[in-house]
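Results of the structural survey
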Amino acid sequence: MSTSKIDLQNQFLIAMPRLEDPNFVGSVTYICQHNDDGAMGIVINKRAGLYLGDIFEQLELNTVGKHSKLSVMQGGPVQLERGFVLHRDGSTWDSSYAVNNAIQLTTSKDILAALAEEAGPSDFVVALGYAGWGAGQLEEEIAQNSWLTCEADHDVLFHGSLEKKYALALASIGLDAAKLMGQAGHA
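Right, let's walk through the structure included here. Counting from 1, residues in each chain are numbered in the order their sequence is written. Selection of residues for local features in this predicted model requires a pLDDT of at least 70, selection of side-chain atom pairs for listing and counting requires 80 or more, and totals for whole chains, interfaces and linings are taken over all residues. Hydrogen atoms and water are omitted, and side-chain values are computed over all heavy atoms in the structure.

Describing the overall build of the chain
Scanning the chain from terminus to terminus reveals five helices and ten strands. With C-alpha atoms as the basis for the radius of gyration, the globule rule is written as 2.2 Å multiplied by the number of residues raised to the power 0.38. Against the 2.2 N^0.38 benchmark of 16 Å for 187 residues, the chain shows a C-alpha radius of gyration of 17 Å, consistent with a compact globule. Projected onto the principal axes, the alpha-carbon positions of the chain cover approximately 60 × 35 × 25 Å. Here a residue-residue contact requires only that any non-hydrogen atoms of the pair lie within 4.5 Å. Relative to all contacts within the chain whose residues are 6 or more apart in sequence, the contacts with residues 24 or more apart total 66%. What sets the accessible areas is the Shrake-Rupley method with a 1.4 Å probe; for residues, cover comes only from the shown protein chains. Accessible surface, the chain: about 10,000 Å² in total, of which carbon and sulfur atoms supply 47%. Taking the average place of the 12 positive charges on the side chains of the chain and the average place of its 23 negative ones, the gap between the two points comes to 7 Å. Helix and strand assignments follow DSSP, with helices taken as H or I runs no shorter than four residues and strands as E runs no shorter than two, numbered in order from the N terminus. Neither His nor the chain ends is counted toward charge; the positive residues are Lys and Arg and the negative residues Asp and Glu. Think of each charge as sitting on NZ of Lys, CZ of Arg, CG of Asp or CD of Glu.

This is the structure in C-alpha cells:
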C-alpha cells in the first residue's frame, strides 16, 4: 500500500470547532515547514497580550513610528520566549528561512531593529512562540478532523484584521464559520 505525503508548507491550518486545545481554538496557523520530521507553524490570529513597542522597549530599540502599536501574536505553545517574524521581503537578515519565494521567517534581532525604525518589510507578523508537531502528528490530527487545510492567502496572512482572519481563511475555501459544526460526520 503506497501513501502519498501531502506538503503542508505555505498552507493555512484552520482549527475545526471540535479542536478544544486552548492554544488553537479558533486559530489560523501558517505552516512554515513540513517534512518527514514533523511540522512547524505560526498562529497568526491570537494576541499574545503585548504590543510590538513592548518588544522594542525590552530590546532597547529606538522607535520612530507606528509599528509600536501593533499586536504581537501568540505564535504557538512552544518556546514562548522566542520571537519570530513572518514577512514578505527579499532582504537579507541574520537568521532567515525562506518558506517559499515570497515569504520568509526570521528570528534575528536585526529585523526588529529595522521594524522599530520603519525600515524593515512592510508586510509582516511578529509572534512569540510557535506551533510544532512531531513526525506524522499533524497528519493524524488532520485525519481526525481537527484541522482544515488550504493554500495560504497572503492578504489574509498580512492584512486581514485579527478578528476576521479565521472567517477569511474559511471563506477562501468557500466555507462559512457560522455553519461549521463541532461534530465530525461519518458515513
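We are not done yet, so read on.
Let's talk about unusual backbone geometry
With a phi close to 50 degrees, Gln79 is a non-glycine residue in the positive phi region. As for its position among the elements, Gln79 is in strand β6 (residues 78–88). Positive phi, close to 55 degrees, is recorded for Glu118, a residue that is not glycine. Inspection of the secondary structure puts Glu118 in the loop between α2 (109–116) and β9 (123–134).

Some thoughts on the packing of aromatic side chains
Planes of paired rings set the category: under 30 degrees apart is stacked, over 60 is edge-to-face and the rest tilted, where pairs are Phe, Tyr or Trp rings (Trp by its six-membered ring) whose centres lie within 6.5 Å. Applying the stated criterion across every chain, the model contains five aromatic pairs. When the centroid spacing of 6.4 Å and the interplanar angle of 75 degrees are considered together, the rings of Phe12 and Tyr30 count as edge-to-face. With Phe12 in strand β1 (residues 11–15) and Tyr30 in strand β2 (residues 28–35), the pair connects residues that are 18 residues apart, well separated along the chain. For the pair shown, Phe12 and Tyr30 are each scored as buried. With a centroid separation of 5.6 Å and an interplanar angle of 75 degrees, the aromatic rings of Phe84 and Tyr130 are classed as edge-to-face. Residue burial is assigned from relative accessible area. The probe radius is 1.4 Å, only protein chains are included, and a residue is buried under 20% of its type maximum, exposed over 50%, and partly exposed in between.

Topic: the pairing of strand β5 (residues 71–74)
We treat two strands as partners when DSSP finds at least two bridges between them. Where strand β4 (residues 47–51) and β5 come together, two bridges link them in antiparallel fashion. Bridge pairing in β5 places Tyr51 opposite Ser71. Judged from the two bridges that link them, β5 and β9 form a sheet pairing that is parallel. Bridge pairing links Gln74 to Leu128 in β9.

Overview of the pairing of β2
Burial runs high along β2: six of the eight residues are buried. Relative to β2, β1 runs antiparallel, the two sharing three bridges. Across the sheet, Ile14 pairs through a bridge with Val28, a residue of β2. Pairing between β2 and strand β3 (residues 38–43): six bridges, direction antiparallel. Within β3, the position partnered with His34 by the bridge is Ala39.

Considerations on α2
Listed in full, the buried residues belonging to α2 are Ile111, Leu112, Ala114, Leu115 and Ala116. Contacts made by the buried residues of α2 are with α1 (52–58), β6, β8 (104–106) and β9. Of the residues trailing α2, Glu118 is marked for its positive phi of about 55 degrees.

Some thoughts on the nonpolar core
In a soluble, globular protein the nonpolar side chains are often hidden away together inside. Counting 26 residues, the largest nonpolar core has Phe12, Tyr30, Cys32, Ile42, Leu86, Leu105 and Leu157 as the members making the most contacts within it. Mapped by element, the contributors of at least two residues to this core are β1, β2, β3, β6, β9, α4 (154–159) and α5 (165–171). The criterion is simple. A nonpolar core is a set of buried Ala, Val, Leu, Ile, Met, Phe, Trp, Tyr and Cys residues joined through side-chain atoms within 4.5 Å. Phe56, Val85, Leu115 and Leu128 belong to the second-largest nonpolar core, a separate cluster that totals 15 residues.

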